[in-house]
Amino acid sequence: MRLAKEFYQRRDVTIIAKELLGKVLFSKVSNRLTSGMIVETEAYSWREKGCHAYGNKMTARNASMFNMGGCAYVYLCYGIHNMVNIVTNEEGVADAILIRALEPIDGIDIMKERIGIASEKRITSGPGKLAKAMGIDRSFDGKDLTGKSIWIADGMEIKRKQIESTHRIGIDYAGEDALLPWRYYVNDNAWVSKVKSIKDVV
């Protein structure tokens, strides 16, 4: 069952980020369906310096973050990689959750084709890779997460003891806020992203 918009419109972005673990992200591009179980997320709030909308300041890049919770925020990283985020909270309050890794379920051959490799190993183990594998680009920015091209549905129940938390990746510029333990992942899941290098991160 698809998640209702009310799921996304709650105030605490960290709770939603944890509850997204085990849920299934779907995309449908040119009538080709792909999906994967969410196994890693990062929470961002306008109140902290790691967020694109720190101070609740709107720009052309982050405008989708100010929509009512329940839409996608997709931005370009390093000028190459699309990053898929889930907008939360009420309209005008810029909170969002980065989807960092998926365990692929549907359309694995399609994903391999898009990534350009023969093996499925780690094709969705980083935010840039999973967006490419799912066919998600900037045209998805602002799209309704209960629509026909991108949505999230119930999946596997992840118990609290299975969830690990640590600091977020690649936001050293955020100072003390970079140390917030707002990265969440399923313990011992093979698809969680590796962070030894920029290549592994994306």
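These numbers were taken from a predicted model, which means no experiment stands behind them. (Residues numbered from 1 in each chain as written. Predicted model: local features only at pLDDT ≥ 70, side-chain atom pairs only at ≥ 80, totals over all residues. Heavy atoms only, no water.)

Draft legend 1. Fine view of the overall build of the chain. The number of helices and strands found in the chain is five helices and eight strands. Listing each helix as α and each strand as β along the chain from the N terminus yields α-α-β-β-β-β-β-α-α-β-β-β-α. Its C-alpha atoms give the chain a radius of gyration of 15 Å, within 12% of the compact-globule value 17 Å for 202 residues. The contacts in the chain between residues at least 6 apart in sequence include a share of 62% that link residues at least 24 apart. For the chain, the accessible surface area stands at approximately 9800 Å², while carbon and sulfur atoms represent 51% of it. Both charge centroids of the chain, one from 30 positive and one from 25 negative side chains, sit 3 Å from each other. (Helix = DSSP H or I, 4+ residues; strand = E, 2+ residues; numbered from the N terminus. Rg over C-alpha atoms; globule rule 2.2 N^0.38 Å. Contact = heavy atoms within 4.5 Å. Areas by Shrake-Rupley, 256 points an atom, 1.4 Å probe, with all protein chains shown as cover. Lys, Arg positive; Asp, Glu negative; His and termini not counted. Charge placed at Lys NZ, Arg CZ, Asp CG, Glu CD.)

Draft legend 2. Spatial organisation of the pairing of strand S4 (residues 81-88). When you tally the buried positions in S4, you get seven out of eight residues, the bulk of the element. The pairing of strand S3 (residues 72-77) with S4 spans six bridges and is classified as antiparallel. Residue pairing for S4: Tyr73 is matched across the bridge by Asn85. Hairpin geometry of S3 and S4 is characterised by an intervening segment of three residues between the two adjacent antiparallel strands and by a positive phi of about 60° at Tyr78. Hairpin connection between S4 and strand S5 (residues 95-104): a loop of six residues separates the two successive antiparallel strands, and Asn89 in this loop has a positive phi of roughly 70°. (Buried < 20%, exposed > 50% of the residue type's maximum accessible area, 1.4 Å probe, protein only. Pairing = 2+ DSSP bridges.)

Draft legend 3. Focus on the confidence of the model for the chain. Mean pLDDT for the chain: 94, with 96% of residues reaching 70 or above. Every residue in residues 197-202 scores below 50 in pLDDT, and together they form 17 contacts with partners more than four places removed in sequence or on other chains. (pLDDT = per-residue confidence, 0-100.)

Draft legend 4. Main features of helix H3 (residues 108-115). Those residues of H3 that fall on the buried side of the exposure criterion are Ile110, Met111, Lys112, Arg114 and Ile115. Contacts made by the buried residues of H3 are with strand S1 (24-29), strand S2 (32-45), S5 and helix H4 (127-134). Once H3 ends, the next one or two residues include Gly116, with phi positive near 85°.

Draft legend 5. Representation of the packing of H3 against H4 in the model. At a minimum axis distance of 7 Å, the contact between H3 and H4 shows a crossing angle of 115°. As the angle between them shows, H3 and H4 are arranged roughly perpendicular. Crossing handedness for the pair H3 and H4: right-handed. On H4, the residues that touch Met111, Arg114 and Ile115 of H3 are Lys129, Lys132, Ala133 and Met134. (Axes fitted to C-alpha atoms, helices over the stretch in contact; angles between N-to-C directions. Parallel < 35°, antiparallel > 145°, perpendicular 65-115°, else oblique. Left-handed = near helix turned anticlockwise from the far one by under 90°.)

Draft legend 6. Up close: the nonpolar core. One finds Leu20, Ile38, Ile86, Ile136 and Ile152 to be the most contacted residues of the largest nonpolar core, which totals 40 residues. Those residues within four positions of Ile38 in sequence are excluded, and the remaining contacts are Leu20, Leu21, Gly22, Lys23, Leu25, Ile99, Ala101, Leu102 and Ile152. Counting residues in hydrophobic clusters, the runner-up holds 17 residues, among them Tyr44, Phe66, Met83 and Ala94. (Core = buried A, V, L, I, M, F, W, Y, C linked by side-chain atoms within 4.5 Å.)

Draft legend 7. Quick look at the pairing of S1. In this structure, S1 lies alongside S2, joined through six bridges in antiparallel fashion. Paired with Val24 across the strands is Met37, a residue of S2. In sequence, S1 turns back onto S2 through a hairpin of two residues, with Ser30 there showing a positive phi of about 50°. Of the pairings in the sheet, the one linking S1 to strand S6 (residues 150-153) comprises four bridges and is antiparallel in character. Looking at S6, one finds that Ser27 is bridged to Ile150.

Draft legend 8. Representation of the environment of Pro181. The residue Pro181 is located in the loop between strand S7 (163-166) and strand S8 (183-186) in this model. When the C-alpha atoms of Pro181 and Ala133 are compared, they prove to be 28 Å apart, with 48 residues separating the residues in sequence. With residues up to four places along the chain from it excluded, the contact list for Pro181 reads Ser165, Thr166 and His167.

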